[in-house]
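Chain residues, written in single-letter form:
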Amino acid sequence: MTAPEQLSLPSMPPPPFAPRWPGIHTIDRAALEMFLAGEFVGVERFRQTTDSTRLPAVVDRLKKLGWPISVDTVPEPSRRRRDRHVGVWHLPQQYRALAQELSK
């Protein structure tokens, strides 16, 4: 499932990609570095890396800073719930490439 994309009007150019960067020694920055590396990050992977389960809150803060993080749901059955699905967040390739250009 892909995120909806804003359609552009013929007379208005799209806004430039200009996200703000989170602080260096924060879990927000750790998550962003994972996304920039092309990882698809779920809560468990995030917990293993940062010792925090607050990935949805981190993603929300990154979105407010201008990072277009996308989420997909994937099946992850458990003993109690065979139909269980979890979110996996990622930064689309086009924005990873733009971010590399910005950081030069």
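Residues numbered from 1 in each chain as written. Predicted model: local features only at pLDDT ≥ 70, side-chain atom pairs only at ≥ 80, totals over all residues. Heavy atoms only, no water.

### So, the nonpolar core
Phe 35, Phe 46, Leu 55, Leu 62, Trp 67 and Ile 69 are the most contacted members of the largest nonpolar core, which has 17 residues in total. Of all elements in the fold, only helix H1 (27-36) and helix H3 (55-64) reach the threshold of two or more residues within this core. If near-sequence neighbours (up to four positions away) are discounted, Phe 46 is found in contact with Ile 27, Ala 31, Met 34, Val 41, Asp 51, Ser 52, Arg 54, Leu 55 and Val 58. (Core = buried A, V, L, I, M, F, W, Y, C linked by side-chain atoms within 4.5 Å. Buried < 20%, exposed > 50% of the residue type's maximum accessible area, 1.4 Å probe, protein only. Helix = DSSP H or I, 4+ residues; strand = E, 2+ residues; numbered from the N terminus. Contact = heavy atoms within 4.5 Å.)

### Considerations on the pattern of salt bridges
Across all of its chains, the model carries seven salt bridges by this definition. With a shortest N-O distance of 3.8 Å, Arg 29 and Glu 33 are connected by a salt bridge. Pair noted here: Arg 29 and Glu 33 are both in helix H1, with a separation of four residues, about one helical turn. For Arg 29, a relative accessible area of 18% gives the class buried. Of the charged contacts in the structure, one is a salt bridge between Lys 64 and Asp 60, with a shortest N-O distance of 3.4 Å. Here Asp 60 and Lys 64 lie together in helix H3, a separation of four residues that amounts to about one turn. (Salt bridge = Lys/Arg side-chain N within 4 Å of Asp/Glu carboxyl O.)

### A look at H1
For an α-helix the count is 3.6 residues per turn, leaving residues at separations of three or four pointing the same way. Here H1 has its buried residues at Asp 28, Arg 29, Ala 31, Leu 32, Met 34 and Phe 35. Contacts made by the buried residues of H1 are with helix H2 (43-50), H3, strand S2 (85-90) and helix H4 (93-102). A positive phi of about 90° marks Gly 38, the residue just after H1.

### Points about the environment of Ser 103
With respect to the helices, strands and loops of the structure, Ser 103 is situated in the segment after H4. Residues Ser 103 and Ile 24, spaced 79 residues apart in sequence, show a C-alpha to C-alpha distance of 14 Å.

### Quick notes on the packing of aromatic side chains
Taken as a whole and assessed by the stated rule, the structure comprises three aromatic pairs. Summarising the aromatic geometry, the rings of Phe 17 and Tyr 95 are spaced 5.3 Å apart at their centres and angled 45° between planes, so their arrangement reads as tilted. Within this pair, whereas Phe 17 is found in the segment before H1, its partner Tyr 95 is found in helix H4, the two being separated by 78 residues in sequence. Note on Phe 17: relative accessible area 18%, which makes it buried. The exposure class of Tyr 95 is partly exposed, given its relative accessible area of 23%. (Phe/Tyr/Trp six-rings, centres within 6.5 Å; stacked < 30°, edge-to-face > 60°.)

### Notes on the side chain of Arg 96
With respect to the helices, strands and loops of the structure, Arg 96 is situated in helix H4. For the buried Arg 96, which has no salt bridge, the nearest side chain bearing the opposite charge is Asp 72, at an N-O separation of 10 Å. Look past the residues within four positions of Arg 96 in its chain and what remains in contact with it is Phe 35, Leu 36, Gly 38 and Leu 91. (Lys, Arg positive; Asp, Glu negative; His and termini not counted.)

### With respect to unusual backbone geometry
Phi is positive for Asp 51, which is not a glycine, with a value near 65°. Relative to the elements of secondary structure, Asp 51 occurs in the loop between H2 and H3.

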